[in-house]
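# Overview (structure and organization)
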Amino acid sequence: MKKLIALAGLVLTSLGAGAPALMAQANGEAVAAIAAEPRELGSVFGYIVDSEDGWPLIGVNVVIRGTTIGSSTDIDGRFEIEGLQQGDYDLEATYIGYNPLFVEGVEVEDGIATRLDLTMSAEALDLGEVVVEARAIQNNEANLLRVRAKAVQVSDAISAEAISRSGSGDAAAAMTKVTGASVVGGKYVYIRGLGDRYTNTTLNGSSLPSADPDRKAFQLDLFPSSLLEKIVTLKTFTPDKPGDFSGGLVDVATKTFPDAFTFSFSASSTYDSQASLVDNFLTYEGGASDWIGWDDGTRGLPETLEGKEPSAQLPSQQDLRDIRRGVTNEIRAARADSLNAFAQAFNTTMSPSTASAPLNTSLSTAVGGQATLFGRPLGYTGSLTYGRKYSYYNDGVFSRWQLAGGTVDQVDRLTSDTYFGANPDLDIIDRADPRDAANFANVQGSEETDWGGSGTLAFKPWLNSEVSLTALRTQSGHSQASLLSGFRDQNSTARFITRTLAFQERSLSTYQLRGEHAFAPLLVEWKASIGTNTQDEPDLRFFSSVENIQDNRTTFSLGGGNAPPPQRYFRNLREESQAAKLDLTAPVSVWSGLRAKVKVGGAYDNADRTFRQRRFEYMEGRAIDFSDFDGDETAYFSEGNFGVLDTLQVGGIVAYDAGLYLLENSPDIANYDANRAVTAGYAMVELPVTRKLRMIAGARLERTDVTSTSLDETLPDEIRVGRVAETDVLPSLNVVYEMMDGMNLRAAATRTLARPTFRELAPFQSFNFVGGDVQEGNPQLERTLITNYDLRWEWFMRPGELLAISGFYKEFTNPIETVLRTVGEGRFVSFQNVPEARVYGLEFEARRQLDAWTSNEFLGRFSLGGNVSLVNSHVDIPEEELVIIRASDASAEETRQLEGQSPVLANLSLNYENYETGTVVGLYYNVFGDRLATVTEGATPDVYEKSRADLDLTFSKNLPRNLRLKLGAKNLLGADHRRIQTFKDVEYDYMSYSRSRTLSLGLTYQID
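## Concerning the overall build of the protein
Along its length, the protein carries 12 helices and 56 strands. Counting all 1008 residues of the protein, 58% fall into the buried class. Considering only intrachain contacts with a sequence separation of at least 6, the fraction spanning at least 24 residues in the protein is 72%. Carbon and sulfur atoms make up 54% of the accessible area of the protein, which amounts to about 39,100 Å² in all.

Have a look at this one:
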């Protein structure tokens, strides 16, 4: 009996993980790895799989030749022979329907567990008795390549070993090394240049909820690298996988339990060239528990407001002077007391301050091993990780460029009504007064804390069954202070200043129960999971003001115009998910001694989201005026300026004048509830047409029901409720032809889909505190259908070596885009379906050890790796939009690039590895091409994220006493983040900031 999914969990041994190592070559060669184990006598253990497809073989008899000493393989294909004296042994493996396997010269030492991983071939191949010799394993990356060679889909993967070698701190950073993958915002993965909506993320095969209110994609930076076993990216769809991906499905696998006891502890410190040890780091006073990613209540909603209904009106200045008939002094006094209580409920900090930032720090520990329960194996693993980092820039730019004053032929340059950033080019920014421009700024400081823990218990109650429980908990706290100075919707004699103080908590808690049971000839696999993902933004503060210069006289006022008053936001998102999956696999004999695999199953995935927002605004009473404080916001927000400041008495009437007081503006439209229920059933067959040709065919029936409901009951239902309710048949055909040993030709034709997110369907509007845009949903959005065609030639030359060329073509029906629209003085970001889109491209991947080209021992320790993706895309511009564009640009194209799509992606690496000294050096280069970030209105040029190249260097070396030293340097090229608009060969910065270089030093203590 054999199983593919189990094999995916059997391939890593690095970083203390105990999953099986590389399955040996198809001719039956054996691979042995030796690990220290505290036993008096020696032992031999390992895994046995089928040489044709790599599935574990259950019930293989393994004995020491000439004796009756031995054991049988379990559901994972694992065997173990214990209690062996030191010496050399010959082993024999036998299994009904397979050629016997004879292994010579297995060396056993006292107190050492010797690892021996084998493959067996079916008797139909008529190989007779296969004799091999054991040899040491040296490259765990080769494990994943071997699995890829036998996989039914086009896939890519990165192992825990490669993640560690590259110095990646989390799963998002690790994904930048995967073929065709790029990471946006340090969190969101784009596969083959496609946006995050076309990527799905699972954890150990189970779906994950998203805590980002604006995106579908899971935030991969929540997974610290020390918790990871591997990351596998599937690029073609098979019916046993979720149907909502086109670019790729990213499966994050946490560490499984090792075969022997392991323990590790790591500590590192990182110097950030822009943030570390600077005295002007922008920040603000937070809570005492920020260092663990939680707010301690400092930013919490005060008790006086927590129990208040959002719709209930707070007393205002007018209420304190209300002398209408029936309003007594007692009523006005009560209103004054209430106004005082609410106005003074919050702390008075509304502007950032400066401080010195320390070095970044990171800690992690992991433990794993095996025990027995009721005489049966019980595996365990546990990991904890903690990190705190600081980032800072003082040279940011944000602007909003428009084509104004005529057509493209008539206008020489773009104009901007908004600009924040130091040292503006006054030849371009013609609205900036030189006196003000000297004080323009765009500064941001961020402090981020991340920690995570995971644990797995795996129990084998009998030989052919395994049940495991995995728990994962991550927490992230991100504090951010921003200061922007420039102009916004003002005349040329005004400088607009805005300040933002924000704190965001993100968390993920998930529990997964999995089981695998072999009831010959049937294999039953099941998964059940529950998860909770949250994102809280307590006490987000925003305050803007204007500095006016007229006739050499400077005056100050609050934001005015369409700028909101000083305000505080409280946002809370909570998403709970439940998922279950059942897979049944059975072998079926077909012809020429070949066996097909029939697989059927079903899945259920449900997610419930609640989003709540409350907004409080500070108003000026008759006793205070910002213009009296000469721009000193600290004095303006001092404690003595909140609440009632003056008492007035005229005759017998007592009234009051207020300073700063609070009003709540929390419309129901800003809140929504959402649900997504996906029910699926599928059937597929893996059919060996010949010994060299496999066909994997089937279909998935997926029922989708997504609703996003605004709490504003005054809206008509067609606006209040966004819904997608569809039943889709998703066919899949994958063909794999083994041209020669280690060389495959793959072809696939599939149908997949992409759904709008909850936020995209919700009709409410939210304010962007940096750019001033307003984002609004579109309840009329439809789901996208994608037809995918893939072709790949791949050659696995030697363990760890690969050469592959891939081509793909995708057709999109109703793809979703982000679009900018200007309404009056405001600018809105919304979403729309466009009719069609097409994406096609080529991928090249190569990995090669230099010892294949040279006999020089030193040069032979180097390896080269690289992958390049060339992608082209065309989106049909909606007819009504094209008419507007061509009114200003008669020669405008009918198509544009797909949003988020990069035309070029490249990853190159050079590695040096000396196993004898434990020295590893890696140089990594990553670059992506300009990608469309946002579609603008009319003929105004779209916003593109500018191409950026990163160069990283890592070094690690084994030290005495189980220690390992690690050094790293990132962004050596100093590439900046830039989003631009290009008009007549001139680049206009839409949003940009510098990215820091970092240097890290780490030390690891490890027992394995």
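## What to know about the environment of Val-49
With respect to the helices, strands and loops of the structure, Val-49 is situated in strand E2 (residues 42–50). On the basis of relative accessibility, which here comes to 1%, the residue Val-49 falls in the buried class. Put simply, Val-49 and Asp-117 are 68 residues apart on the chain and 8.4 Å apart in space, counted from C-alpha to C-alpha.

## Section: the pairing of strand E35 (residues 672–688)
Looking down a regular strand, the side chains alternate between one sheet face and the other. Here 15 bridges tie strand E31 (residues 595–620) to E35, and the two strands are oriented antiparallel to one another. Residue pairing for E35: Lys-599 is matched across the bridge by Met-684. The pairing of E35 with strand E36 (residues 693–710) spans 17 bridges and is classified as antiparallel. Looking at E36, one finds that Asp-673 is bridged to Thr-709. Hairpin remark: E35 followed by E36, antiparallel, with 4 residues in the connecting loop.

## Description of a nonpolar patch on the surface
Taken together, the side chains of Phe-261, Phe-265, Leu-363, Val-367, Tyr-1005 and Ile-1007 present a nonpolar region at the surface, about 460 Å² in accessible area. Mapped onto the nonpolar patch, the elements with two or more residues apiece are strand E21 (360–373) and strand E56 (998–1007).

## Some details on unusual backbone geometry
Look at Asp-539: it is not a glycine, yet its phi comes out positive at around 55 degrees. Residue placement: Asp-539 occurs in strand E28 (residues 522–550). The phi dihedral of Lys-984 is positive, around 50 degrees, even though this residue is not glycine. Mapped onto the elements of the fold, Lys-984 is located in the loop between strand E54 (977–983) and strand E55 (986–993). Residue classification places Lys-984 among the partly exposed residues on the basis of a relative accessible area of 42%.

## Brief notes about helix H7 (residues 329–343)
Its 15 residues place the ends of H7 21 Å apart at the C-alpha level, agreeing with the 21 Å of an ideal helix rising 1.5 Å per residue. Check the buried side of H7 and you find it contacts helix H5 (303–306), helix H6 (317–320), E31, strand E32 (644–650), strand E33 (653–658) and strand E34 (660–664).

## Some points on the packing of aromatic side chains
All chains considered together, the criterion is met by 31 aromatic pairs. Where Phe-858 meets Tyr-912, the ring centres are 5.5 Å apart and the plane angle is 40 degrees; that geometry is what we call tilted. Of this pair, Phe-858 sits in the loop between strand E45 (836–849) and strand E46 (862–876) while Tyr-912 sits in strand E48 (residues 904–914), and the two are 54 residues apart along the sequence. Its relative accessible area of 49% is what places Phe-858 among the partly exposed residues.

## Some words on the side chain of Glu-801
Position of Glu-801 among the secondary structure elements: in the loop between strand E41 (784–795) and strand E42 (802–813). A polar contact is formed between the side chain of Glu-801 and the side chain of Arg-848, at a distance of 2.6 Å.

## Comments concerning the confidence of the model for the protein
Of all residues in the protein, 85% attain a pLDDT of 70 or more, and the chain-wide mean is 84. Confidence, read as mean pLDDT per element, is least for helix H1 (residues 4–8) in the protein (30) and greatest for strand E19 (residues 281–283) (97). Predicted confidence for residues 1–39 stays below pLDDT 50, and this span has 179 contacts to residues more than four positions away or in other chains. Here residues 133–140 scores under 50 on pLDDT; set against residues more than four positions off or in separate chains, the count is 26 contacts.

## Digging into the nonpolar core
The biggest cluster of nonpolar side chains holds 21 residues, and the ones touching the most others in it are Val-44, Ile-48, Val-60, Val-62, Leu-91, Leu-116 and Met-120. The set of elements that each furnish at least two residues to this core consists of E2, strand E3 (61–64), strand E5 (78–84), strand E6 (87–94), strand E7 (101–108) and strand E9 (118–120). The greatest single-element share of this core, amounting to 4 residues, is contributed by E7. Those residues in contact with Leu-91 that sit more than four places away from it in its chain are Val-44, Val-62, Val-63, Ile-64, Arg-65, Phe-79, Ile-81, Leu-101, Phe-102, Val-103, Val-106 and Leu-116.

Reading the values: the criteria
- Residues numbered from 1 in each chain as written.
- Predicted model: local features only at pLDDT ≥ 70, side-chain atom pairs only at ≥ 80, totals over all residues.
- Heavy atoms only, no water.
- Helix = DSSP H or I, 4+ residues; strand = E, 2+ residues; numbered from the N terminus.
- Buried < 20%, exposed > 50% of the residue type's maximum accessible area, 1.4 Å probe, protein only.
- Contact = heavy atoms within 4.5 Å.
- Areas by Shrake-Rupley, 256 points an atom, 1.4 Å probe, with all protein chains shown as cover.
- Pairing = 2+ DSSP bridges.
- Patch = residues over 30% accessible without salt bridge, like charges linked within 9 Å, V, L, I, M, F, W, Y side chains within 5 Å.
- Salt bridge = Lys/Arg side-chain N within 4 Å of Asp/Glu carboxyl O.
- Expected span 1.5 Å × (residues − 1).
- Phe/Tyr/Trp six-rings, centres within 6.5 Å; stacked < 30°, edge-to-face > 60°.
- Polar contact = N/O pair within 3.5 Å; in protein donor to acceptor, adjacent residues only side chain to side chain.
- pLDDT = per-residue confidence, 0-100.
- Core = buried A, V, L, I, M, F, W, Y, C linked by side-chain atoms within 4.5 Å.

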